[in-house]
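Reading the structure
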Protein chains: 2
Amino acid sequence: MAVMPEPVIERLLQLTRILEKHPKELLSSAEIEARTGWSSHTIRKDISYLKEELASGAGYRVKDLNAAIHKALGLETERRFCVVGLGRLGSAYLNFPSFGEAGFTLSAGFDASVNRIEILSSPVPLYPSFKMAEVISRFAIELALLCVPAEAAQSTAEKLVAAGIRGIVNFAPVALDVPASIYVRNVHAVDELRAIAARLNATNEDAITADID
Amino acid sequence: MAVMPEPVIERLLQLTRILEKHPKELLSSAEIEARTGWSSHTIRKDISYLKEELASGAGYRVKDLNAAIHKALGLETERRFCVVGLGRLGSAYLNFPSFGEAGFTLSAGFDASVNRIEILSSPVPLYPSFKMAEVISRFAIELALLCVPAEAAQSTAEKLVAAGIRGIVNFAPVALDVPASIYVRNVHAVDELRAIAARLNATNEDAITADID
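The shown structure was predicted, so the numbers you read here are calculated from the model rather than taken from an experiment.

Rules and cut-offs
Residues numbered from 1 in each chain as written. Chains lettered and ligands numbered in written order. Predicted model: local features only at pLDDT ≥ 70, side-chain atom pairs only at ≥ 80, totals over all residues. Heavy atoms only, no water. Pairing = 2+ DSSP bridges. Helix = DSSP H or I, 4+ residues; strand = E, 2+ residues; numbered from the N terminus. Axes fitted to C-alpha atoms, helices over the stretch in contact; angles between N-to-C directions. Contact = heavy atoms within 4.5 Å. Buried < 20%, exposed > 50% of the residue type's maximum accessible area, 1.4 Å probe, protein only. Buried area = accessible area lost by both parts, 1.4 Å probe. Salt bridge = Lys/Arg side-chain N within 4 Å of Asp/Glu carboxyl O. Polar contact = N/O pair within 3.5 Å; in protein donor to acceptor, adjacent residues only side chain to side chain. Nonpolar A, V, L, I, M, F, W, Y, C, P; charged D, E, K, R; others polar. Least-squares fit on C-alpha atoms with pLDDT ≥ 70 in both. Core = buried A, V, L, I, M, F, W, Y, C linked by side-chain atoms within 4.5 Å. Disulfide = S-S within 2.5 Å.

So, about the sheet that holds strand S7 (residues 143-146) of chain B. Residues and elements named next belong to chain B. Here we have six strands laid out as an open sheet, ordered S6-S5-S4-S7-S8-S9, and parallel in their pairing. The sheet is open, and its two borders are formed by strand S6 (126-128) and strand S9 (183-186), each paired with just one other strand. Each strand of the sheet is rotated relative to its neighbour by a mean of 25°, with strand direction disregarded. Direction of pairing for strand S4 (residues 79-84) relative to strand S5 (residues 104-111): parallel, over a ladder of six bridges. Its bridge partner lying in S5, Arg80 is registered against Thr105. Contacting S4, S7 and strand S8 (167-170), helix H9 (residues 150-162) crosses the sheet at an angle of about 170° to S7.

Of note in the backbone geometry, Lys51 of chain A takes a positive phi value of approximately 55° without being a glycine. Within the secondary structure, Lys51 of chain A sits in the loop between helix H3 (40-48) and strand S2 (55-56). Look at Lys51 of chain A and you get exposed, because its relative accessible area is 62%. In this model, Ala140 of chain B sits at a positive phi of 50°, which is unusual for a non-glycine residue. In this structure, Ala140 of chain B sits in the loop between helix H8 (132-138) and S7.

Looking now at the interface of chain A and chain B. With 69 residues of chain A at the interface, the matching set in chain B holds 69 residues. For the pair chain A and chain B, the summed buried surface comes to about 6,400 Å²; carbon and sulfur atoms form 65% of the total. Viewed at the interface, chain B and chain A are joined by eight salt bridges. As a salt-bridge pair, Glu10 of chain A and Arg199 of chain B come within 2.5 Å of each other at their nearest N and O atoms. For the pair chain A and chain B, the interface holds 10 residue pairs in polar contact (both at pLDDT 80 or more). The element best represented in the side of chain A that touches chain B is helix H10 (residues 189-205) of chain A, accounting for 17 residues. By residue class, the composition of the side of chain A that touches chain B is 41 nonpolar, 11 polar and 17 charged.

Turning our attention to the relation of the copies chain A and chain B. Comparison of the two chain copies shows a relationship of rotation about an axis with a shift along it. Superposing chain A onto chain B takes a rotation of 180° plus a shift of 0.0 Å along the axis, which leaves an RMSD of 0.0 Å. Each copy turns onto its partner about a two-fold axis.

Before going further, it helps to examine the pattern of salt bridges. What the rule picks out here adds up to 22 salt bridges over all chains. With a shortest N-O distance of 3.5 Å, Asp191 of chain B and Arg17 of chain A are connected by a salt bridge. Taken together, the residues span two chains, with Asp191 of chain B in helix H10 (residues 189-205) and Arg17 of chain A in helix H1 (residues 6-20). A salt bridge links Asp64 of chain A to Arg61 of chain A; the shortest N-O distance between them is 2.6 Å. The network of salt bridges with shared partners includes Glu10 and Arg185 of chain A together with Glu192 and Arg199 of chain B.

The next point concerns the nonpolar core. Nonpolar side chains in soluble globular proteins generally cluster together in the buried interior. Leu145 of chain A together with Leu145 of chain B are the most contacted members of the largest nonpolar core, which has 108 residues in total. The contacts of Leu145 of chain B, once residues within four sequence positions are left out, are Ala189 and Leu193 of chain A together with Phe81, Cys82, Val83, Val84, Tyr93, Phe99, Val169 and Phe171 of chain B.

So, on to the state of the cysteines. Residue and element names in this part refer to chain A. Overall, the coordinates contain zero disulfides over all chains when judged by the stated rule. Looking at the unpaired Cys82, the closest cysteine sulfur is the one in Cys147, lying at 9.8 Å. Taking the relative accessible area as the measure of exposure, Cys82 reaches 0% and is therefore buried.

What follows is the structure, encoded as structure tokens:
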């Protein structure tokens, strides 16, 4: 497979989300452009990475295109993850239904407080934080949802990296300093509010263009 | 100000996050490129939208560049937001410290359950959902964190739109169907896990390029 640049991966991920809720059998390039702002050139180029014939005259075959993206991005591979930090946010994710459907298996939860672990009800085993290295290695856990308080995020991330984790979804409102080989996705409600505020501002001042190409 | 394309807004937002935690007075174009993968051409082009002289010989002046981005994106404007759905996630956001520092004022919380509203401790007033239109209009609330369960997300979003909300950060794992004038940012832990999984897959198969330009 040809080398896939980061922005292509990002757009194909977004495209699967569109395809997964598209109610019809076909999706045209014009519909994708209307939804995303991507030029038809970009759409064709991205889909050409999939190396399959996915277009009919009236558009892309939704089911086949989605399957091809899943295959190309390795989304069929089952991957194990853990939740670290079992406060309100973390404990909510212990009981979140949609991970399994997407191929992610919750394998463990961790918290610094032994008390909290004993009280929480959970479909998977919960462990005190000092067992992180042992449990992550034993269950071959690759991914972590990091839900600890801001002040504990960096030190916990370092422990996760030392334990062999490969990717972290960071919900703590701080930037993590980890080796470049570890994939980090930051989820910050403040950043999301800012992203909307910047667009409200642009709309007020002037038209903004939707050129994402 | 020149029309600012969406990807420029997105990159400038990311750049403020880098600037806000940069410990030195100057940040060079090469350092930005190393952190983001953006070409120096892209960086120069983005910063040229700010219409200020921000570079010294050894790099950009961190404080000035950050202030210029805040000004250009309207991030100094104080904006009010509400939290809708006060389960584990929503109620965690009621007591989140970092909103105020970023210029966002939490003005109200809403939940369908009157019981829950009476039990929760909160720094801002909480209301039953049927009061949403009245309260949002009275306090001129512009933004909402949507933390309701998936099955209630679409109908609640419609009520928020009818109440005059302008932007929604959607934590429910469903796509919202709202008018194009409403800004929606979707936060899905599953999507974040997928984004990491796709990169792990690409790394295993082949090198991926970091060309974001």
